[in-house]
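Residue-level listing of the chains:
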Amino acid sequence: MTESSDLPSVTASLRLIRDELAGAADGLQGDQLGALVTEIQQARRVFVTGGGRSGLALRMHAMRLMHLGLTVHVVGETTTPAIDSGDLLIVASGSGTTAAAVAAAETSVSEGARVTALTTDGESTLASIAHAVVVIPAAQKTDHSGAASHQYSGSLFEQALLLVLDAVFHTLWQSDGTPAEELWPRHANLE
């Protein structure tokens, strides 16, 4: 067994993650982020989908949008209705080629809904389908070179995705102006 003194410190790992996130945040394009905010503001209903950890980040975002009073659904839940014209699908895929994400985007467009994609690849299949794209400058999960991130797999993309979505929520909330006390009654009480 390796002695703990031989391991990198958790503090050093936190600094690495912080620095990589700062770099990813600095590489985001304001016009792309603004387009995502506008798409949400103009949508009748919002649907979210993504696989794995990306999907978990989107589920967290759906919760916050619900707190704002938006009608929001998580794709794959048994109570999720059909998507339709006037709706928005927010979909995340680091590679932009995840089969389920691409299929959801294609179906959404065919039903007249709008699609916003969050990905590392602005030239991907998913990005080509979407009406708006947010490119998150991070490594794809299959990039093990360490050039874009020293973290495992798609960790930087997933972390940056969560922060981007929280920043979008915060922007929407500040724009809305509703006091936190008025959002609170929408918070889950069956936990």
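Residues numbered from 1 in each chain as written. Predicted model: local features only at pLDDT ≥ 70, side-chain atom pairs only at ≥ 80, totals over all residues. Heavy atoms only, no water.

### What to know about the environment of Q174
Stage number 1. Within the secondary structure, Q174 sits in helix 6 (residues 155-176).
Stage number 2. The exposure class assigned to Q174 is partly exposed, which follows from its relative accessible area of 47%. (Helix = DSSP H or I, 4+ residues; strand = E, 2+ residues; numbered from the N terminus. Buried < 20%, exposed > 50% of the residue type's maximum accessible area, 1.4 Å probe, protein only.)

### Focus on the packing of helix 1 (residues 10-26) against helix 6
Stage number 1. Between helix 1 and helix 6, the shortest axis-to-axis distance is 10 Å and the interhelical angle comes to 65°. Helix-helix and strand crossings are classified by hand; for helix 1 and helix 6 the assignment is right-handed. Touching I17, E20, L21 and A24 of helix 1 are L156, Q159, A160 and L163, all from helix 6.
Stage number 2. Of the residues that constitute the contact of helix 1 with helix 6, the class distribution is 6 nonpolar, 1 polar and 1 charged. (Axes fitted to C-alpha atoms, helices over the stretch in contact; angles between N-to-C directions. Left-handed = near helix turned anticlockwise from the far one by under 90°. Contact = heavy atoms within 4.5 Å. Nonpolar A, V, L, I, M, F, W, Y, C, P; charged D, E, K, R; others polar.)

### Overview of the nonpolar core
Across soluble globular proteins, nonpolar side chains have a tendency to be buried as a group.
Stage number 1. Within the largest apolar cluster, 33 residues are counted, with the highest numbers of intra-cluster contacts made by I40, V46, I90, L118, I136 and L161.
Stage number 2. Ranked by residues supplied to this core, first place goes to helix 6 with 9 residues.
Stage number 3. Those residues in contact with I136, other than ones at most four positions away along the chain, are L28, L118, T119, T120, F157, A160, L161 and V164.
Stage number 4. In terms of nonpolar packing, the next biggest core, distinct from the first, is built from 16 residues, F47, A101, V115 and A127 among them. (Core = buried A, V, L, I, M, F, W, Y, C linked by side-chain atoms within 4.5 Å.)

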